[in-house]
Amino acid sequence: MKLLTSLAFASAIFSALVSAAPTCTEGQFLCTNSGVSAGYSVCAAGSLVQMSCGSGTVCIQNGSSLYCGFPVNPVSTTSSPPTTTTTTTTTTTSPKTTTSSKTTKSPTTTTPVKTTTTTTTTPVKTTTTTTTTTTTATATGSVPVPTIGTPRIIGYNDNTSGNSSPAAYFVPGSAPSNVYDVFILGFWLSSGAYDSAYTWTQLDAATRQSYLDSYHAAGKVVLVAAFGAAEFPTLSGVNPVTAAQNLAAFVKQYQLDGADIDWEDNNSLQAGTGEAWLVSFQTELRNNLPSPRYIITHAPQAPYFVGNDLPGQYPNGGYLTVDQKVGSLIDWYNVQFYNQGSTNYQDCTSLLNKSQAPFIGTSVFEIIAKGIPSSKVVIGKPITQADVVNTGFMAASTLASCISQAKATGKWDAGFFGWQITHDTSGWSNTVAAGL
């Protein structure tokens, strides 16, 4: 079955739970129709909360846990020794999630290889056999890589449905003119590439470089997104240094301009272990993808900046700590101002100046007041209502008005991103960009 994860931003932090007598088993996860539909329910505070996997995926029941989507033809990024077997069992859920992953990993290498993958029709476990081949790209671009200044306009391209045409990748000259200057392909996981990122790997090096030359000539760049809600690397014990080295090798092999770290391992952040993992990962990633040639961004959920406004939520400081320790190695933050339940960021006040409970202190200017450089706080929003799991959607004209207000203060011009650009068919980005 074709994997169309669309999962990167489906790890919603939900808080609008009503107090009621227990009607279910706490922490229970149940697919509505396993293998058929995307819907599932989570038992929290004694009540069933209805959730959904990303667009194009289905919920798969795995005992008392579940996961979303089917992997298909992953491109592995580990290679030594010459033959390696990796067995992974992952359950992907929202906060208060139980995720189990046990992976047998090979030694780290910076030279990725192709893989042959066998996947059952009910892929609770995926077995990947890796053999060494020579696949490193040798094509060299003839157009210099542009510098991306502010404001930035960023689009996530998660699903091309296997279409590798230049139009599917919004290559300038082959797609309608647009205002995006950064394209981010989904997704790279520690087990390999999926969705748009996988299809990108199936292009030959010369074709990929021709696409990139067209992007660069138009002042645009292309990154790959890592992890998303499809993988919780800290919780599952992925080595951060190994993961960083393999991601960097993937970026270089497939001629990309950098990586976007969409780390949504909520349980690890709540346990106080996520910050150290991210710091180690980011340090190694930047060592392997030096600036200014390569761009490295992160895509945290806005509540990750809550800090002392919600004591105990993230005992080691969340992304405020990450920024303090390695912020100088991160180009900017694609902040997810959606899928956060009652903290909905759905009007200009809650988006820009004063967010609602429980994640107070996480609006744009409240994050900036906590020490995050204003030039790095990119406003992230879903393009259509279908791109959001619960709250945070705003009409394009309303979002443009908010962005105009933010820029008028003279204290913000970081830009915005849209999830996901295949749904930008009615001028969403042009309308929002008018606010800049």
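Rules behind the numbers
- Residues numbered from 1 in each chain as written.
- Predicted model: local features only at pLDDT ≥ 70, side-chain atom pairs only at ≥ 80, totals over all residues.
- Heavy atoms only, no water.
- Helix = DSSP H or I, 4+ residues; strand = E, 2+ residues; numbered from the N terminus.
- Buried < 20%, exposed > 50% of the residue type's maximum accessible area, 1.4 Å probe, protein only.
- Contact = heavy atoms within 4.5 Å.
- Pairing = 2+ DSSP bridges.
- Right-handed = clockwise from strand over helix to strand, strands pointing away.
- Salt bridge = Lys/Arg side-chain N within 4 Å of Asp/Glu carboxyl O.
- pLDDT = per-residue confidence, 0-100.
- Phe/Tyr/Trp six-rings, centres within 6.5 Å; stacked < 30°, edge-to-face > 60°.
- Core = buried A, V, L, I, M, F, W, Y, C linked by side-chain atoms within 4.5 Å.
- Axes fitted to C-alpha atoms, helices over the stretch in contact; angles between N-to-C directions.
- Left-handed = near helix turned anticlockwise from the far one by under 90°.

S.K.: Help me understand the overall build of the protein chain in this model?
M.R.: Of the regular secondary structure elements, the protein chain holds ten helices and 17 strands. Residues classed as buried in the protein chain amount to 59% of the 436 residues present. Here the contacts in the protein chain between residues at least 6 apart in sequence split such that 75% fall between residues at least 24 apart.

S.K.: Please explain the pairing of strand 12 (residues 221-228) as it appears in this structure.
M.R.: Each regular strand displays side chains that alternate between the two surfaces of the sheet. Where burial is concerned, most of strand 12 is hidden: eight out of the eight residues are buried. Taken together, the five bridges between strand 10 (residues 182-189) and strand 12 define a ladder with parallel strand orientation. Looking at the pairing, Trp 188 lines up with Ala 226 of strand 12. Bridge count for strand 12 against strand 13 (residues 258-263) is five bridges, and the pairing is parallel. Its bridge partner lying in strand 13, Val 224 is registered against Ala 259. Taking the sense of rotation as the criterion, the β-α-β connection linking strand 12, helix 3 (residues 240-253) and strand 13 turns out right-handed.

S.K.: Sorry, what's going on with the pattern of salt bridges here?
M.R.: When their charged atoms lie close together, side chains carrying opposite charge are able to pair. In total, this model carries three salt bridges according to the counting rule given. Arg 286 is paired through a salt bridge with Asp 331; the nearest N and O atoms lie 2.8 Å apart. Remark: Asp 331 occurs in the loop between helix 6 (319-326) and strand 15 (332-336) and Arg 286 occurs in helix 5 (residues 274-288); sequence separation between them is 45 residues. According to the relative accessible area criterion, Arg 286 is buried, its value standing at 9%. Lys 370 is the salt-bridge partner of Asp 309, the closest N and O atoms lying 2.7 Å from each other. Here Lys 370 lies in the loop between helix 8 (364-369) and strand 16 (377-382) and Asp 309 lies in the loop between strand 14 (295-298) and helix 6, a separation of 61 residues in the sequence. Note on Lys 370: relative accessible area 27%, which makes it partly exposed.

S.K.: Looking at this model, I keep getting lost on the environment of Leu 223. Mind explaining?
M.R.: As for its placement among the helices and strands, Leu 223 is situated in strand 12. Looking at Leu 223, the relative accessible area reads 0%, which means it is buried. Between the alpha carbons of Leu 223 and Leu 256 there is a distance of 5.8 Å; along the sequence they are 33 residues apart. Other than its neighbours up to four places away in sequence, Leu 223 contacts Val 182, Phe 183, Ile 184, Leu 185, Asp 257, Gly 258, Ala 259, Ile 295 and Thr 297.

S.K.: So what exactly am I meant to see when it comes to the confidence of the model for the protein chain here?
M.R.: Where the model shows low pLDDT, its predicted coordinates should not be examined in detail. When pLDDT is averaged across the protein chain, the result is 80; 71% of the residues are at 70 or more. Under a pLDDT of 50 for its full length, residues 1-22 has, in the predicted model, 103 contacts with residues more than four places off or in other chains. For the stretch residues 78-139, pLDDT sits under 50, and the model shows 160 contacts to residues farther than four places along the chain or on other chains.

S.K.: What's the story with the packing of aromatic side chains in this structure? I'm lost.
M.R.: Where two aromatic rings form a pair, the distance of their centres and the angle of their planes describe that pair. Going through the model one piece at a time under the given rule, you end up with 23 aromatic pairs. A ring pair is formed by Tyr 156 and Phe 417, whose centres lie 5.0 Å apart and whose planes are at 65°; its orientation type is edge-to-face. Placement of the pair is Tyr 156 in strand 9 (residues 152-157) and Phe 417 in strand 17 (residues 415-419), with a sequence separation of 261 residues. Side by side, Tyr 156 and Phe 417 carry an identical accessibility label, which is buried. A ring pair is formed by Trp 200 and Tyr 211, whose centres lie 6.2 Å apart and whose planes are at 55°; its orientation type is tilted. Highlighted residues: Trp 200 in helix 1 (residues 195-201) and Tyr 211 in helix 2 (residues 205-217), separated in sequence by eleven residues. Classification of Trp 200 as buried rests on a relative accessible area of 0%. For Tyr 211, a relative accessible area of 8% gives the class buried.

S.K.: It is not clear to me how the nonpolar core should be interpreted in this structure. Could you clarify?
M.R.: Generally speaking, soluble globular proteins have nonpolar side chains that are buried together. In this structure, Trp 200, Leu 247, Ile 261, Ile 379 and Trp 412 are the most contacted members of the largest nonpolar core, which totals 98 residues. At seven residues, the largest contribution of residues to this core is made by strand 12. Those residues in contact with Leu 247, other than ones at most four positions away along the chain, are Trp 188, Val 224, Ala 226, Ala 259, Ile 261, Phe 281 and Leu 285.

S.K.: Help me understand the packing of helix 5 against helix 6 in this model?
M.R.: In a packed pair of helices, the relevant descriptors are the angle between the two axes and the axis-to-axis distance. Two elements in contact, helix 5 and helix 6, have axes whose closest approach is 9 Å; the angle formed by their N-to-C orientations is 35°. Where helix 5 crosses over helix 6, the handedness of that crossing is right-handed. Contact with helix 5, carried on its side by Glu 275, Leu 278, Val 279, Gln 282 and Thr 283, involves Tyr 319, Thr 321, Val 322, Lys 325 and Val 326 of helix 6 and no other residues of that element.

S.K.: Can you help me understand unusual backbone geometry in this one?
M.R.: Leave glycine aside and you will find that most residues have negative phi; peptide bonds, for their part, are mostly trans. With an omega of -10°, the peptide bond between Gly 186 and Phe 187 qualifies as cis. Within the secondary structure layout, Phe 187 lies in strand 10. A cis amide bond links Ala 357 with the next residue in sequence, Pro 358, at an omega value of 5°. Tracing the sequence through the fold places Pro 358 in the loop between helix 7 (348-353) and helix 8. Non-glycine residue Phe 170 carries a positive phi angle of around 55°.

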